[in-house]
Structure formats: C-alpha cells, structure tokens
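Residues per chain, in single letters:
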Amino acid sequence: MKSLAIVGGAGRMGQSLAARLGAQDDLSVTALVDVHEPRELFGARYVEALSDLDATGIDVVIEFSSAASVVTSANWCAEHGVALVIGTTGLNDEQRHQVEAASAKTAIIMASNFSIGVVLQERFAKLAAPYFERVEIIELHHDHKADAPSGTSLSTAAAIAQSRADAGQPALVDPTTHHVLAGARGADAGDGIMVHSVRLPGLVSHQEVIFGGPGEGLTIRHDSFDRQSFVHGVALAVRAIDNTPGLMIGIDSLIA
Ligand code: NAD
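Residues numbered from 1 in each chain as written. Predicted model: local features only at pLDDT ≥ 70, side-chain atom pairs only at ≥ 80, totals over all residues. Heavy atoms only, no water.

A. Just the domain arrangement of the chain, in detail. For the chain, the assigned domains are domain 1 (2-110 + 227-254) and domain 2 (116-224). Of the residues lining the interface, 11 residues belong to domain 1; the matching set on domain 2 comes to nine residues. Interface of domain 1 and domain 2: buried area, both sides summed, is about 850 Å²; carbon and sulfur atoms make up 52% of it. Broken down residue by residue, the surface that domain 1 buries against domain 2 is led by R12, R227 and D252, which jointly contribute 47%. (Domains from an automatic or database assignment. Contact = heavy atoms within 4.5 Å. Buried area = accessible area lost by both parts, 1.4 Å probe.)

B. Representation of helix α1 (residues 12-21). Burial runs high along α1: seven of the 10 residues are buried. Buried within α1 we find M13, G14, Q15, S16, L17, A18 and L21. For α1, the elements touching its buried residues are β1 (2-7), β2 (27-33), β4 (60-63) and α6 (231-240). (Buried < 20%, exposed > 50% of the residue type's maximum accessible area, 1.4 Å probe, protein only. Helix = DSSP H or I, 4+ residues; strand = E, 2+ residues; numbered from the N terminus.)

C. Highlighting the site of the ligand. Neighbouring the ligand are 21 residues; R12, M13, D34, T89 and F114 lie closest to it. Between R12 and the ligand, the recorded distance is 2.9 Å, taken from a backbone N or O atom to an oxygen atom. Backbone polar atom of G87 to a nitrogen atom of the ligand: 3.0 Å apart, as the coordinates give it. Protein chains bury 79% of the 860 Å² of accessible surface belonging to the ligand in isolation. Within the shell around the ligand, the residues separate by chemical class into seven nonpolar, 11 polar and three charged. (Near = heavy atom within 4 Å. Polar contact = N/O pair within 3.5 Å; in protein donor to acceptor, adjacent residues only side chain to side chain. Areas by Shrake-Rupley, 256 points an atom, 1.4 Å probe, with all protein chains shown as cover. Nonpolar A, V, L, I, M, F, W, Y, C, P; charged D, E, K, R; others polar.)

D. The packing of aromatic side chains, seen in detail. Throughout the structure, instances matching the rule amount to two aromatic pairs. Residues F64 and F114 carry aromatic rings whose centres are separated by 5.9 Å and whose planes lie at 50° to one another, so their mutual orientation is tilted. Placement of F64 in the loop between β4 and α2 (67-80) and of F114 in the loop between β6 (108-110) and α4 (116-128) is noted, with a sequence separation of 50 residues between them. For the pair F64 and F114, one class covers both residues: buried. Aromatic side chains F132 and F211 sit 5.4 Å apart centroid to centroid with 40° between the ring planes, which places their arrangement in the tilted category. With F132 in the loop between α4 and β7 (134-141) and F211 in strand β10 (residues 205-213), this residue pair connects regions lying 79 residues apart in the sequence. The residues F132 and F211 share a single accessibility class, namely buried. (Phe/Tyr/Trp six-rings, centres within 6.5 Å; stacked < 30°, edge-to-face > 60°.)

E. Just α2, in detail. Here α2 spans 21 Å end to end across 14 residues, near enough to the 20 Å set by a 1.5 Å rise per residue. Listed in full, the buried residues belonging to α2 are A67, S69, V70, V71, S73, A74, W76, C77 and A78. At its buried positions, α2 is contacted by β1, β4, β5 (83-86) and α3 (93-102). Two residues or fewer after α2 comes G81, characterised by a positive phi angle close to 65°. (Expected span 1.5 Å × (residues − 1).)

F. Looking closely at the pairing of β5. What you see with β5 is no split at all: A83 and V85 on one side and L84 and I86 on the other are buried throughout. As paired elements, β4 and β5 share four bridges and run parallel to each other. Its bridge partner being in β5, V61 is matched across the sheet by L84. Regarding the hand of the β-α-β motif, the stretch spanning β4, α2 and β5 is right-handed. Bridge analysis of β5 against β6 gives three bridges, and the strand direction is parallel. Along β6, the bridge assignment pairs I86 with M110. With α3 bridging β5 and its parallel neighbour β6, the resulting β-α-β unit is right-handed. (Pairing = 2+ DSSP bridges. Right-handed = clockwise from strand over helix to strand, strands pointing away.)

Printed below as a string of structure tokens:
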C-alpha cells in the first residue's frame, strides 16, 4: 500500500484525485496539504504545509497547487527522500531548475498533462508533423486557469518542432504581414508554431492541433470533459516512480 500526500488537496484537482486515488486498493491518501481547508477529506488528514507531516509516513507527494508551491514541495521531498509527482503547470525557468536540482536526491515525475488521450494526441501530432506545411494549436480551458498558454500546448509544440526538425523541415514563418489587432495570430511557441488560448466558463481542458498542407487538413482534437481524465495517468506515475530515479518529464514512456 502506497501512502500519498496531495499538495493542493483542497483544489479542484486535489479533491478529484483524493476521491479517486483513495478508492484504489493499493493506494491510500494520508494527507491533504493546502493553504485552504478542503471541502472533503476523503478519510485523509488536513495539514497546511508539508512541514507539518512526518515524512516517514508518506511514500509519494502529489503536487497540484501553484508554481511557487512546487519548489517548496520539491525541496521537502528531496530533504526527506520522498518521491514526488508534479502536475502543477506554469513553472518559470528558475522553478524548473530547482525541481531538477531536487531530482538529484529523490525521484520526480513531472507532466504538464496526465491524461492518456493527451499523451496519444502528442504522439499522433509528432507522426503527422513532417508531412504538413503548417500547424497551429488551439488550447481551450476553464476561466479559472491562471497560466496561458497551457503547459500541454507548449509540450505539444515542442514535440512537433522536434519532429519537423528531425525530418529536415525548416522553422515556420508566419505569412501574416498586416496585424490589424496585436495578438490576433496567437503566440509563437517556438519554431513559428502559433498557440491560441481560449478561456471560458464551462470548459475543462481541450486542445486542437490543426495541420494544413496542399489540398488537405488534419485536426487532432482531445477533450478532457472531467478532471477524472487525469487520474489514470497520475496513478500510473505513482505506481512507476520507484523504478524511475531522477527526473522524468511526461508520462509517454509509461504508456505502452
Ligand atoms: P485550484 O485553484 O482549484 O487548486 C489549487 C489549490 O492549491 C488550491 O486549493 C490552493 O489553495 C492550493 N495552493 C496554492 N498554493 C499553495 C501552497 N503554497 N501550499 C499549499 N496549497 C496551495 O487549481 P486546479 O484546477 O486544481 O489546478 C492546480 C494545478 O494543476 C494548476 O497548475 C493546473 O494547471 C494544474 N493541472 C495540471 C494537470 C495535469 O494533468 N498536469 C491537470 C489539471 C490541472
């Protein structure tokens, strides 16, 4: 039985994970860590900070809170040799470096999206990338999301750029010469791959990768309708982390 502490345990993801991971035979959610008191405890204990916990009772910390909190969690896990699964997005370069440094002392799996469908969308996009002249990404999320563009869209854009580069394709150049409104063409996520962010109430997490070539188009769309779409991937990471020392980015290699 693996004992879990969820940082961000009062949040939307934290509550969804606590309910669903705790229901699995080999996992037990021992603590919900949050600056706010959780609406439901699901049999776990509530603490305000990881430092309020006895590390010997925790096998894996799961992080779905804020970018600033990720560094605190990584340092606590490194200090106590507790494995860490990070789903929080929007980290800056310095925060990423701190996570990398912590991974020298404990196993860390960090993924911008734990949905299996998103992992497959990225694989399919990499496969298609060399065969189309242009590609753009539209990511759509609920209106409480703090960061834009989404970590998933950046990861997808990087994967497509790598696939195009491996195939000898040049970086994309935006054909637009007259910008009537600044920002109308989205943001360049690298190599000219434009990302467009939509934020609306009612949405959860959605992404379209749109390819265009001579006389044809290909759209690969993924929808997370509910936060339970992330649970399977988090459970895979929690179960695999004992065998993945250091820092693993993304869960692609955990999906056969
Ligand atoms: P949310 O706002 O509903 O919940 C975040 C929770 O973290 C809140 O309860 C807040 O009080 C808590 N928190 C903030 N700072 C804290 C700190 N320093 N210490 C302890 N608790 C703290 O947000 P959410 O929708 O649950 O998303 C949380 C994060 O997870 C975001 O970064 C989001 O982008 C990311 N996310 C990732 C995936 C993925 O698959 N990787 C999926 C969904 C969401």
